[in-house]
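Residue-level structure breakdown
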Amino acid sequence: MGVTTVTATDGVLHTLFHSEQGGHEQVVLCQDRATGLKAVIALHNTALGPALGGTRFYPYATEAEAVADALNLSRGMSYKNAMAGLDHGGGKAVIIGDPELIKTEELLLAYGRFVASLGGRYVTACDVGTYVADMDVVARTNQWTTGRSPENGGAGDSSVLTAFGVFQGMRASAQHLWGDPTLRGRKVGVAGVGKVGHYLVEHLLADGAEVVITDVREESVRRITDKHPQVRVVADTDALIRVEGLDIYAPCALGGALNDDTVPFLTAKIVCGAANNQLAHPGVEKDLEERGILYAPDYVVNAGGVIQVADELHGFDFDRCKAKATKIFDTTLEIFARAKADGIPPAAAADRIAEQRMAEARRAHA
């Protein structure tokens, strides 16, 4: 489940058709010159049902990088939805560009029309760079839109349950490693305290944890420290992973946080965070295991948000969603048990369970 690298020599088509990171059912390139829209919609696997995954709005350096991200993120959504017990496959969309500069109502409406053209094979939602208000606009031209505001029939901000699910994953990790699901007295480092991270910090403090944070946005840090002056702030992620006595490291920003440059310096005994695609490349999970660091697979513990948006399609009920997200605790323990039984890292164990569910669904529909 590592990050896909696309170069000029192998190209996007080679990645799609020949690499282990490919195997996607459909990839749609979308362009609307009138609004400046350039987007990629990737559907990885629909064996369990319509593909579900958010729309990322990001200033990629190249179009190839955007396609690679869509391929990787959509594949991750297949695994996430399978492990969350949802009747949805994996999909993801990316819109190329700086949302601060080019995001307009007309662009979002044009994007919605492209999603609608897939006839329900893809259900979209929020992701990095897109928000509830954006999904309200997209929904005006596309009925397969979740993550909308309550006023428009949606569930609102999915970050709430994403953070709750990550907290359940942390509790399960603590149970597995230390025999107690509480985080009281544990030192937890949170990298990225924006959408999801600041809700996670609230859960941690309520449970009695000592919290250390970092974020590139000063306003995100200040929002927490103004309310909780006891929270310690460090300059950057490099400083955070080296904090002495750190028990848990929670990457909650962009992917690739666990790589050859960071893993050797991690002081934490557990990695459990909200960021997608934390493993920078295949093999990082083995490096973590060799260092005695317990890794809670990202797509398992951060599934609270997708559980929430999926529920919108059936008439949103927060209590029903929270009950499902609470089960992330049991799912995480199941993965650790499978990893121990099979003699493999937790990331590989989670992949096996997810792949088994997708394969069974494919055979059932054959």
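Worth saying up front: this structure is predicted, and the values here are computed from it rather than measured. (Residues numbered from 1 in each chain as written. Predicted model: local features only at pLDDT ≥ 70, side-chain atom pairs only at ≥ 80, totals over all residues. Heavy atoms only, no water.)

Before going further, it helps to spend a moment on the overall build of the chain. A count of helices and strands for the chain gives 15 helices and 12 strands. Each of the three principal axes of the chain carries a C-alpha extent, and together these read 55 × 45 × 45 Å. Residues classed as buried in the chain amount to 56% of the 366 residues present. Counting contacts in the chain only where the partners sit at least 6 residues apart, residues at least 24 apart contribute 66% of the total. Surface accessibility of the chain: about 15300 Å² in total, with carbon and sulfur atoms responsible for 50%. Positive and negative charge centroids in the chain, built from 35 and 46 side chains respectively, lie 3 Å apart. (Helix = DSSP H or I, 4+ residues; strand = E, 2+ residues; numbered from the N terminus. Buried < 20%, exposed > 50% of the residue type's maximum accessible area, 1.4 Å probe, protein only. Contact = heavy atoms within 4.5 Å. Areas by Shrake-Rupley, 256 points an atom, 1.4 Å probe, with all protein chains shown as cover. Lys, Arg positive; Asp, Glu negative; His and termini not counted. Charge placed at Lys NZ, Arg CZ, Asp CG, Glu CD.)

This part is about helix α8 (residues 218–227). Taken residue by residue, α8 has S220, V221 and I224 as its buried positions. Buried residues of α8, seen end-on, are gathered within an arc of 95° and therefore sit on one face of the element. With respect to the buried face of α8, the exposed residues turned more than 90 degrees away are E218 and D226. Looking at the buried side of α8, the elements it contacts are α7 (197–206), β8 (210–214) and β9 (232–233). (Arc of directions from axis to C-beta.)

Among the structural elements, D69 can be located in helix α2 (residues 63–83). When neighbours within four sequence positions are excluded, D69 is seen to be in contact with R56 and Y60.

Let us now look at the environment of H365. Along the chain, H365 falls in the segment after α15 (346–364). Separated by 171 residues in the primary sequence, H365 and G194 have C-alpha atoms spaced 41 Å apart.

A surface patch of negative charge is lined by D236, D238, D260 and D261. Mapped onto the secondary structure, D238 falls in helix α9 (residues 237–241). We classify D238 as partly exposed; its relative accessible area is 45%. (Patch = residues over 30% accessible without salt bridge, like charges linked within 9 Å, V, L, I, M, F, W, Y side chains within 5 Å. Salt bridge = Lys/Arg side-chain N within 4 Å of Asp/Glu carboxyl O.)

Packing of helix α12 (residues 304–312) against helix α13 (residues 318–326) leaves a shortest axis separation of 9 Å and a crossing angle of 145°. When the axes of α12 and α13 are compared, the crossing they make is right-handed. Across from G304, I307, Q308 and D311 in α12, the residues of α13 making contact are R320, C321, K324 and A325. Residues that form the contact of α12 with α13 fall into these classes: 3 nonpolar, 2 polar and 3 charged. (Axes fitted to C-alpha atoms, helices over the stretch in contact; angles between N-to-C directions. Left-handed = near helix turned anticlockwise from the far one by under 90°. Nonpolar A, V, L, I, M, F, W, Y, C, P; charged D, E, K, R; others polar.)

Next up on the list: the pattern of salt bridges. By the definition in use, this model includes 17 salt bridges. Residue E63 is joined to K38 by a salt bridge in which the shortest nitrogen-to-oxygen separation is 2.8 Å. You can see E63 sitting in helix α2 and its partner K38 sitting in strand β2 (residues 37–45), a full 25 residues away along the chain. Through salt bridges with shared partners, a single ionic network connects R56, D69, K92 and D127.

Attention now goes to the nonpolar core. It is characteristic of soluble globular proteins that their nonpolar side chains tend to be buried jointly. Residues M170, V190, L200, L204 and I213 are the most contacted members of the largest nonpolar core, which totals 30 residues. Taken together, the elements giving at least two residues each to this core come down to α6 (159–178), β7 (187–191), α7, β8, α8 and β10 (248–251). For this core, the element with the most residues is α6, which contributes 5 residues. Not counting residues within four places of it along the chain, the set of residues in contact with V190 comprises G197, L200, V201, L204, V211, V212, I213, T214, L240, A250 and C252. (Core = buried A, V, L, I, M, F, W, Y, C linked by side-chain atoms within 4.5 Å.)

Our focus in this paragraph is the sheet that holds strand β12 (residues 294–295). Reading across from one edge, β9-β8-β7-β10-β11-β12 is the order of the 6 strands in this open sheet, with parallel pairing throughout. Because the sheet does not close on itself, it has two edges, and the strands there are β9 and β12. Alignment of β8 against β9, held across 2 bridges, turns out to be parallel. Residue V212 lies in a different strand from β9, and its bridge partner there is R232. Along the sheet, α7 makes contact with β7, β8 and β10, crossing β7 at roughly 170°. (Pairing = 2+ DSSP bridges.)

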